[in-house]
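Descriptive structure summary
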Amino acid sequence: MAKKKVCVSFDYEHDKHYYYLLAAWNNNPNINFGINDCTPSEIQSESVSKIKQVLSTKIGQANYMVAIIGEHSTDTHPDSGEIDYNNWQSYEIAKNHEKKNGLVVVKLDSSYSAPDECYNIGTKWVTGFSLDAIENALKELVN
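Reference entry: report on the structure contained in this document. (Residues numbered from 1 in each chain as written. Predicted model: local features only at pLDDT ≥ 70, side-chain atom pairs only at ≥ 80, totals over all residues. Heavy atoms only, no water.)

Brief notes about the overall build of the protein chain
A count of helical and extended segments in the protein chain gives 5 helices and 5 strands. Each helix (α) and strand (β) of the protein chain, taken in turn from the N terminus, gives the series β-α-β-α-β-α-α-β-β-α. Its C-alpha atoms give the protein chain a radius of gyration of 14 Å, within 12% of the compact-globule value 15 Å for 143 residues. Classification of the 143 residues of the protein chain by burial places 48% in the buried group. Considering only contacts in the protein chain between residues 6 or more positions apart, those separated by 24 or more positions represent 67%. In the form shown here, the protein chain has an accessible surface area of approximately 7,400 Å², with 44% of it arising from carbon and sulfur atoms. Of the charged side chains in the protein chain, 13 are positive and 19 negative, and the gap between their average positions amounts to 11 Å. (Helix = DSSP H or I, 4+ residues; strand = E, 2+ residues; numbered from the N terminus. Rg over C-alpha atoms; globule rule 2.2 N^0.38 Å. Buried < 20%, exposed > 50% of the residue type's maximum accessible area, 1.4 Å probe, protein only. Contact = heavy atoms within 4.5 Å. Areas by Shrake-Rupley, 256 points an atom, 1.4 Å probe, with all protein chains shown as cover. Lys, Arg positive; Asp, Glu negative; His and termini not counted. Charge placed at Lys NZ, Arg CZ, Asp CG, Glu CD.)

Observations regarding the pairing of strand 4 (residues 102–107)
With 6 of 6 residues buried, strand 4 is to be regarded as a mostly interior element. The two faces of strand 4 match: Gly102, Val104 and Val106 on one face and Leu103, Val105 and Lys107 on the other face are all buried. Here strand 3 (residues 64–69) runs beside strand 4; their pairing, made up of 6 bridges, is parallel. Within the sheet, the bridge partner assigned to Ile68 lies in strand 4 and is Val106. Both strand 4 and strand 5 (residues 124–127) contribute to a ladder of 4 bridges, which runs parallel. Pairing of Val104 across the sheet is with Lys124, part of strand 5. (Pairing = 2+ DSSP bridges.)

Focus: helix 4 (residues 88–98)
Most of helix 4 sits out of view: 9 of its 11 residues are buried. Among the residues making up helix 4, those that are buried are Trp88, Gln89, Ser90, Tyr91, Glu92, Ile93, Ala94, Lys95 and Asn96. In this fold, the buried residues of helix 4 make contact with strand 1 (4–9), helix 2 (48–60), strand 3, helix 3 (80–83) and strand 4. Looking at where helix 4 begins, the residue whose side-chain oxygen comes 3.1 Å from the main-chain nitrogen of Gln89 is Asn87. Positive phi appears at Lys100, one or two residues downstream of helix 4, with a value of about 65 degrees. (Polar contact = N/O pair within 3.5 Å; in protein donor to acceptor, adjacent residues only side chain to side chain.)

Limitation: the analysis is restricted to geometry and does not speak to function.
See the structure below:
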């Protein structure tokens, strides 16, 4: 069975260690998904239009997104006007939905707010960071 292609959305400044843990899990041959980083901080450009282009391509190469929601996931980005969304995570989630990809939202803590773009689109919700919970949510998504 082919691995599910998963793009990961997260706040690089605050939650990158969760991405690194996912990347470590990704090296396990028994994991049924492969991940791709969808983080603007890793794109070597200050141009919002260039970042959007690269993110759109990365999201388009996946069938699913895992959005890691931390304490700062709804903070307003200084370039929000140019991004056309509150922040990069909101943009990534909206673009993921536009491409008709499945979405798993992993709230690191139940008290954290998720971007508005996560709601009413068939999202699978996970509270806490657990491989089993993430894999089960991905299994529940039909794409």
